[in-house]
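Structure assessment
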Amino acid sequence: MIKVEHVSKHFGGVHAVNGVSLEVNKGDIVCLIGPSGSGKSTLLRCIHGLETVDDGAVYMDGELMDPADKAKYREQRNRMGFVFQHFNLFPNKTVLDNCTLAQMTVLKRSREEAEKTALEYLDKVGLLDKKDSYPNQLSGGQKQRVAIARALCMNPDMMLFDEPTSALDPEMIKEVLEVMKDLGRQGMTMIVVTHEMGFARHVANRVLFLDQGHLVEEGDSEAFFTNPKSERAKDFLSKVFYDAQ
Amino acid sequence: MWETFLSPDNLTYMLKGAGASLALALGALIFGVMIGVVMAAMKLSKSKVLNVIGSVYVEILRGTPMLLQVLFFYLGVPVLYQMIAGTRLRVDPYVVGLIAMSLNSGAYQTELIRSGIQGVDKGQWEACETLGISYVTMMKEVILPQAFKRIIPPMVSEFITLIKDSSLISCIGAAELLYTAQVLGAKYYNYLDPLIIAGCMYLVMTVTISFIARKIEKRMAVSD
């Protein structure tokens, strides 16, 4: 579904992503993990086109995603939903309006139709009763669930998550991960940048480990966690799993 | 002496002047917002040419005295017009005053609006981008409503500044508040009382506006 070929991105002299290639098939749940600054978020943003690619290319269903081909590029991008670390809900709009704005203006749905879809997805993330609230009246976990519902309202073929739980209080993390897990069960293709190793291990079917902009290791998630091949991944895993002994 | 100035005729005359000042300030504020939105859009656009036009406008209007600008439009532009068109241009001091004040205020409001827009979290732009929302919809529905909320307090001080600056229009003979005070002062050979009355009228306008603005701000803070 998505193919990334030798993508590189640098900011000034810093190589954030360095010649990374990967492939995501329909129904895959792929987790990008690695230390801070390893380039995983940048890579995800390159896939969506939030960052321009300096070198390499991204293909969707075998077709090049080319910013110069504006109409097609737009259509390709609209097939991907994106969830941010900091939610980025519109604070001047209610939860329901957050979910209907793009539906009405981009997909040209009628208000009734947009609201019906929005309520359906808000129900799915368990926030139907918050439809008339403003984002600032919600907890972090609720905000992120609204953000997920808002993205789903656009009926994307795949969802990209950029550290969706990193800005949350610890007790809010589970409710968001549960929503994502359900989404995966229903067959949504997902690419998730995360520090939640439990999620990567048990929900993802594939893990990509990045370090300093390079794709160091890639594999089946269970295999990666039980038996990492590279020294760098072993070292990383030994540090993220706190062992009191 | 006070009775003279507070007589119905003279008081009405000055109140009319105050009304003119308020109308000029309000007009300049509104036209200034329009100019400001356009110029801010130019300064924020990717086009170098538009950036330069926006910057030059702001620098000239903010970098020269407003009194000079008023005189330029009242005394300078007709000369320019005669040189080009060959005929005399009759200018109305109110219209010229409004144009000069709007252009001047527009320059200040350009900067207010630009910084208000830039102050909106970058994540809001990105969220719109990932949802496929067009630039115009994004500006109208997401960015400007948030920007304007931040802009309101400095916009109110701009309005108050405009009420005070409208007194500069007196120099070209528009009967705004200060002008009426000067006329009455000359008429009765006493400038003290009319100037004090005019001062009080300016104060009533500016203090009332600040008061209302604070109320609005409080109400908006609640809806957040």
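Fair warning: this is a prediction, and the values are worked out from it, not measured in the lab. (Residues numbered from 1 in each chain as written. Chains lettered and ligands numbered in written order. Predicted model: local features only at pLDDT ≥ 70, side-chain atom pairs only at ≥ 80, totals over all residues. Heavy atoms only, no water.)

**Considering the packing of helix α3 (residues 95-105) of chain A against helix α4 (residues 111-124) of chain A**
Residue and element names in this part refer to chain A.
- Between α3 and α4, whose axes approach to 9 Å, the crossing angle comes to 130°. The orientation of α3 relative to α4 falls into the category oblique. Our pair here, α3 against α4, has a crossing hand that is right-handed. Between α3 and α4, the contacting residues are Val95, Leu96, Asp97, Cys99, Thr100, Gln103 and Met104 on the first element and Arg111, Glu113, Ala114, Glu115, Thr117, Ala118, Leu119 and Leu122 on the second.
- For the contact of α3 with α4, the per-class residue count stands at eight nonpolar, three polar and four charged. (Axes fitted to C-alpha atoms, helices over the stretch in contact; angles between N-to-C directions. Helix = DSSP H or I, 4+ residues; strand = E, 2+ residues; numbered from the N terminus. Parallel < 35°, antiparallel > 145°, perpendicular 65-115°, else oblique. Left-handed = near helix turned anticlockwise from the far one by under 90°. Contact = heavy atoms within 4.5 Å. Nonpolar A, V, L, I, M, F, W, Y, C, P; charged D, E, K, R; others polar.)

**Quick word on the UniProt feature "transmembrane region" (unreviewed entry) in chain B**
Residue and element names in this part refer to chain B.
- In this numbering, the UniProt entry assigns the feature "transmembrane region" (unreviewed entry) to residues 20-42, 63-84 and 195-213.
- Between the C-alpha atoms that bound residues 20-42 there is a distance of 32 Å. The span itself is 100% helix and 0% strand.
- Along residues 195-213 one finds 100% helix and 0% strand; the C-alpha atoms at either end are 27 Å apart. (UniProt positions renumbered as here; feature names shortened; annotations may be inferred.)

**Some words on the sheet that holds strand β5 (residues 63-64) of chain A**
All names here are of chain A.
- Across the sheet, which stays open at both edges, the four strands sit in the order β2-β1-β4-β5 with antiparallel pairing between neighbours. Every other strand in the sheet has two partners, leaving β2 (14-24) and β5 as the edge strands with one partner each.
- With respect to the sheet, helix α1 (residues 40-48) is in contact with β1 (2-11), β2 and β4 (55-60), its orientation differing from that of β1 by roughly 120°. (Pairing = 2+ DSSP bridges.)

**Brief notes about the confidence of the model for chain B**
- Taken residue by residue, chain B gives an average pLDDT of 91. The fraction at 70 or more is 98%.
- At the level of chain-chain contacts, confidence expressed as ipTM amounts to 0.92, with global pTM at 0.81. (pLDDT = per-residue confidence, 0-100.)

**What about the side chain of Ser102 of chain B?**
Residue and element names in this part refer to chain B.
- Its location among the elements puts Ser102 in helix α5 (residues 93-118).
- Classification of Ser102 by relative accessible area gives buried; the value is 4%.
- Apart from the residues lying within four places of it in its own chain, the contact partners of Ser102 are Gly27, Ala28, Phe31, Gly32, Ile35 and Tyr57. (Buried < 20%, exposed > 50% of the residue type's maximum accessible area, 1.4 Å probe, protein only.)

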